[in-house]
Amino acid sequence: MSPEFVALALRKQRLQMHAAQQRKACLEVLSDVETVASRVEYLQSRVQMLGQALRRHAWVLALAGVALLVVRPRGMVSWLQRGWLVYLGTRRARKAFAAALAAMRNLAAG
């Protein structure tokens, strides 16, 4: 065998080993992304279940609000401010979670 052929065969073998290492590293990264995506989906489903439970029992929340308005009108204003901030925060968080989840799905699919 010629020395050039042996050198090419060794280079080919090194490149194949390097490609195998890269595939293994990519699979590890994808498994980490998949783990994070599954946790985000679990959290999103729990938040949706909480939202559904609150919608089913909205009359209880409304009754509590009316009772608070009658008993402590000034307290009601502070609770309304807090509720408004929570509402805005959850809207932003929902949008951020949806965008992050879509990005992770695109990474996993692509």
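Here is what the cut-offs are and how they apply
Residues numbered from 1 in each chain as written. Predicted model: local features only at pLDDT ≥ 70, side-chain atom pairs only at ≥ 80, totals over all residues. Heavy atoms only, no water. Axes fitted to C-alpha atoms, helices over the stretch in contact; angles between N-to-C directions. Helix = DSSP H or I, 4+ residues; strand = E, 2+ residues; numbered from the N terminus. Parallel < 35°, antiparallel > 145°, perpendicular 65-115°, else oblique. Contact = heavy atoms within 4.5 Å. Nonpolar A, V, L, I, M, F, W, Y, C, P; charged D, E, K, R; others polar. Patch = residues over 30% accessible without salt bridge, like charges linked within 9 Å, V, L, I, M, F, W, Y side chains within 5 Å. Areas by Shrake-Rupley, 256 points an atom, 1.4 Å probe, with all protein chains shown as cover. Salt bridge = Lys/Arg side-chain N within 4 Å of Asp/Glu carboxyl O. Lys, Arg positive; Asp, Glu negative; His and termini not counted. Charge placed at Lys NZ, Arg CZ, Asp CG, Glu CD. Buried < 20%, exposed > 50% of the residue type's maximum accessible area, 1.4 Å probe, protein only. Phe/Tyr/Trp six-rings, centres within 6.5 Å; stacked < 30°, edge-to-face > 60°. Lys NZ or Arg CZ within 6 Å of the ring centre and 35° of its normal. Expected span 1.5 Å × (residues − 1).

Caption draft 1: Representation of the packing of helix α2 (residues 58-71) against helix α3 (residues 73-109). Packing of α2 against α3 leaves a shortest axis separation of 5 Å and a crossing angle of 135 degrees. Regarding the angle of α2 to α3, the classification is oblique. Taking contact as the criterion, the partners of Gly65, Leu68, Leu69, Val70 and Val71 in α2 are, on α3, Pro73, Gly75, Met76 and Trp79. Of the residues assigned to the contact of α2 with α3, the class counts are seven nonpolar, two polar and no charged.

Caption draft 2: Region of interest: a positive patch on the surface. Positive charge collects at one region of the surface, where Arg55, Arg91, Arg92, Arg94 and Lys95 lie side by side. If you tally residues by element for the positive patch, the top one is α3, at four residues. Residue placement: lysine 95 occurs in helix α3. Residue class for lysine 95 comes out exposed when judged on its relative accessible area of 56%.

Caption draft 3: Structural context of the packing of aromatic side chains. For the structure shown, the criterion picks out one aromatic pair. Plain terms: the ring middles of tryptophan 84 and tyrosine 87 are 5.4 Å apart, the flat faces sit at 35 degrees to each other, and that makes the pair tilted. Of this pair, tryptophan 84 and tyrosine 87 both sit in helix α3, three residues apart, which is roughly one turn of that helix. For tyrosine 87, a relative accessible area of 39% corresponds to the partly exposed category. Above the ring of tryptophan 79, the side-chain terminus of arginine 82 is found at 5.3 Å from the ring centroid.

Caption draft 4: Fine view of α3. Counted at 1.5 Å a residue, the expected span for α3 with its 37 residues is 54 Å, and the 53 Å between its end C-alpha atoms agrees. Regarding α3, the residues found buried are Gly75, Met76, Leu101 and Met104. Turning to α3, the residues buried within the fold contact α1 (3-56) and α2.

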